[in-house]
Amino acid sequence: MSRAGKVTVPGRAGELGRARLHAERAVAELTAALQAWGLWADSVRERAEQRLAVTDLDDQRVLSDPEYGQALDAGRVFAEALRAAEVLRAGLPLPGTRK
C-alpha cells in the first residue's frame, strides 16, 4: 500500500492495475445497486398488485400499471451501467500481459 492508503501494483503496470481495480469495484457496486433496485421494484409491483386486487399470477394487469412501469424503466439505467462496466473490465488486460 502507498502512504496515501491506496493499493499499488508494482512495476510499470501500476496504473493499469489501479484501473482494473476501479473497474472491478464499479462492477461490484453496480451489481449491488441493480439488486437493490430489484428489491425496490418488487415492492412497487406488490403495491400495484394490491391496488389492482391481483390474486392470480397469470393476471398481467400489473404490467400496465404506470407506477410499476416507471419502476421498471428506472432499472434500465442500472442495468446499462453494469453492462458498460463489465465491458470496460473485460477490455482491460491484466498487468504484465498484452492484449
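Within every chain, residues take consecutive numbers counted from 1 along the sequence as written. Confidence filtering applies because this is a predicted model: local features only for residues at pLDDT of at least 70, side-chain atom pairs given and counted only at 80 or more, and all residues used for totals across whole chains, interfaces and linings. Water and hydrogen atoms were dropped before computing side-chain values, which therefore reflect all heavy atoms in the structure.

Asker: Got a minute to help me understand helix α1 (residues 14-51) in this structure?
Answerer: Since the α-helix advances by 3.6 residues per turn, residues separated by three or four positions end up pointing in the same direction. The terminal C-alpha atoms of α1 lie 55 Å apart, and with 38 residues this matches the ideal 56 Å at 1.5 Å per residue to within 8%. Buried residues of α1: Gly 14, Gly 17, Arg 20, Ala 23, Val 27, Trp 37, Ala 41, Val 44 and Ala 48, and no others. Working rule for contacts: check all heavy atoms of both residues, and any pair within 4.5 Å makes them a contact. In DSSP terms, a helix is any run of H or I states spanning at least four residues, a strand is any run of E spanning at least two, and both are numbered starting from the N terminus. The secondary structure elements touched by the buried residues of α1 are α2 (66-91). Directly beyond the C-terminal end of α1, a positive phi value near 55 degrees is found at Ala 53. Multiply 1.5 Å by the residue count of a helix minus one, and that product is the helix's expected span. Only protein chains enter the calculation, and the probe is 1.4 Å; a residue is then buried if its accessible area is under 20% of its type maximum, exposed if over 50%, and partly exposed in between.

Asker: In this structure, what is going on with the packing of α1 against α2? I would like to understand it.
Answerer: Pairs of packed helices are described in terms of their axes, by the angle between the two and the distance that separates them. Axis definition: a line fitted to C-alpha atoms, limited for helices to the stretch in contact. Angles are taken between N-to-C directions and run from 0 to 180 degrees. Where α1 meets α2, the axes come as close as 9 Å, and the angle between the chain directions of the two elements is 165 degrees. Considering the angle they form, α1 stands roughly antiparallel to α2. The way α1 lies across α2 gives a crossing that is left-handed. Residue polarity follows a fixed list, in which Ala, Val, Leu, Ile, Met, Phe, Trp, Tyr, Cys and Pro are nonpolar, Asp, Glu, Lys and Arg are charged, and the others, Gly among them, are polar. Looking at the contact of α1 with α2 residue by residue, the classes come out as 19 nonpolar, two polar and eight charged. To sort the angles, those under 35 degrees are grouped as roughly parallel, those over 145 as roughly antiparallel, those from 65 to 115 as roughly perpendicular, and the leftovers as oblique. Here a crossing is called left-handed whenever its near helix is offset anticlockwise from the far helix by less than a right angle, and right-handed whenever the offset is clockwise.

Asker: Help me understand the environment of Asp 73, please; the structure alone is not making it clear to me.
Answerer: Here Asp 73 is to be found in helix α2. In this structure the C-alpha to C-alpha distance between Asp 73 and Ala 41, which are 32 residues apart in sequence, comes to 9.8 Å.

All we've got here are geometric facts, nothing functional implied.
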